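# Close look at the chain arrangement
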Amino acid sequence: DGGESGEPVTFMVKEGQADLTGNIVTLTRLGPLRIMASQEGSANYLAAPVVVRTFTVDPAPVTIDFGGLEQTYAGAAKGVTATTTPAGVPVSISYTADGDVVTPVQAGQYGVVATVTDPNYTGTGSATLTVNPAVLTVTAGNTSRFYGESNPAFISQYSGFVEGEDESVLTSPVILQTDARQLS
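Everything numeric here is computed off the predicted structure, so don't read it as measured data.

## Focus: the sheet that holds strand β4 (residues 31-39)
Strand order in the open sheet made by the 3 strands is β1-β4-β5, with antiparallel pairing throughout. Each edge of the open sheet is held by one strand with a lone partner, namely β1 (9-15) and β5 (48-57). Between one strand axis and the next, the sheet turns through 25° on average, direction left out of account. Of the strand pairs in this sheet, β1 and β4 are connected by 6 bridges, and their pairing is antiparallel. Within β4, the position partnered with Thr10 by the bridge is Ser38.

## A closer look at the environment of Ala60
By the secondary structure assignment, Ala60 is in strand β6 (residues 60-61). Residue class for Ala60 comes out partly exposed when judged on its relative accessible area of 30%. The spacing of Ala60 and Pro86 is 26 residues in sequence and 9.3 Å in space, taken between C-alpha atoms. If we ignore the near neighbours within four places in the chain, the residues touching Ala60 are Asn120, Tyr121 and Thr122.

## Focus on the sheet that holds strand β12 (residues 108-116)
The strand order across the open sheet built from 5 strands is β8-β14-β12-β10-β11, with neighbouring strands paired in mixed fashion. Either end of the sheet is taken by a strand with one partner, and the two such strands are β8 (70-72) and β11 (100-101).

## What to know about the environment of Gly160
Tracing the backbone through its elements, the reader meets Gly160 in the segment after β16 (156-159). As a C-alpha pair, Gly160 and Glu7 span 153 residues in sequence and 83 Å in three-dimensional space. With sequence-adjacent residues up to four places away left out, Gly160 is seen in contact with Val135 and Leu136.

So, how was this worked out
- Residues numbered from 1 in each chain as written.
- Predicted model: local features only at pLDDT ≥ 70, side-chain atom pairs only at ≥ 80, totals over all residues.
- Heavy atoms only, no water.
- Pairing = 2+ DSSP bridges.
- Helix = DSSP H or I, 4+ residues; strand = E, 2+ residues; numbered from the N terminus.
- Axes fitted to C-alpha atoms, helices over the stretch in contact; angles between N-to-C directions.
- Buried < 20%, exposed > 50% of the residue type's maximum accessible area, 1.4 Å probe, protein only.
- Contact = heavy atoms within 4.5 Å.

Put into structure tokens, the structure is as follows:
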């Protein structure tokens, strides 16, 4: 309402982007926004002075939480999940090791950074992804010998290799031995 004069107040967007419906402003873009208010005069009242107000519409802050930060080596690329508050804000996730951008596959620790990609929001989050070594079981194959003979060589049997790997990926040899002696 126009106060005592009864004349309507008129609003106009002078800079920036917003929708105006009557005296309701709906912000539609980030950045500076200037709105002008004016009121015509009447026979009994002078026109009101023009009023200009400036606002800055900043990106909304986002909080990022991570899931899946501890995983086990399986021979394939690993990734984490990122959940945002408010929900559903898109993010880009990158991984680093020794300062280089990488795809986490091998056992080890990786830096994780998630960055908001929607220009209406702002935020980053960081964490550490740990890829634990896979469990590898080594069993000595069954062997036998007669009393007085030398101990036979043990044959290693493996379970737990992933993605077609075999003992060639081991960094140190498996050594199987026994306390049995030739005359025991």
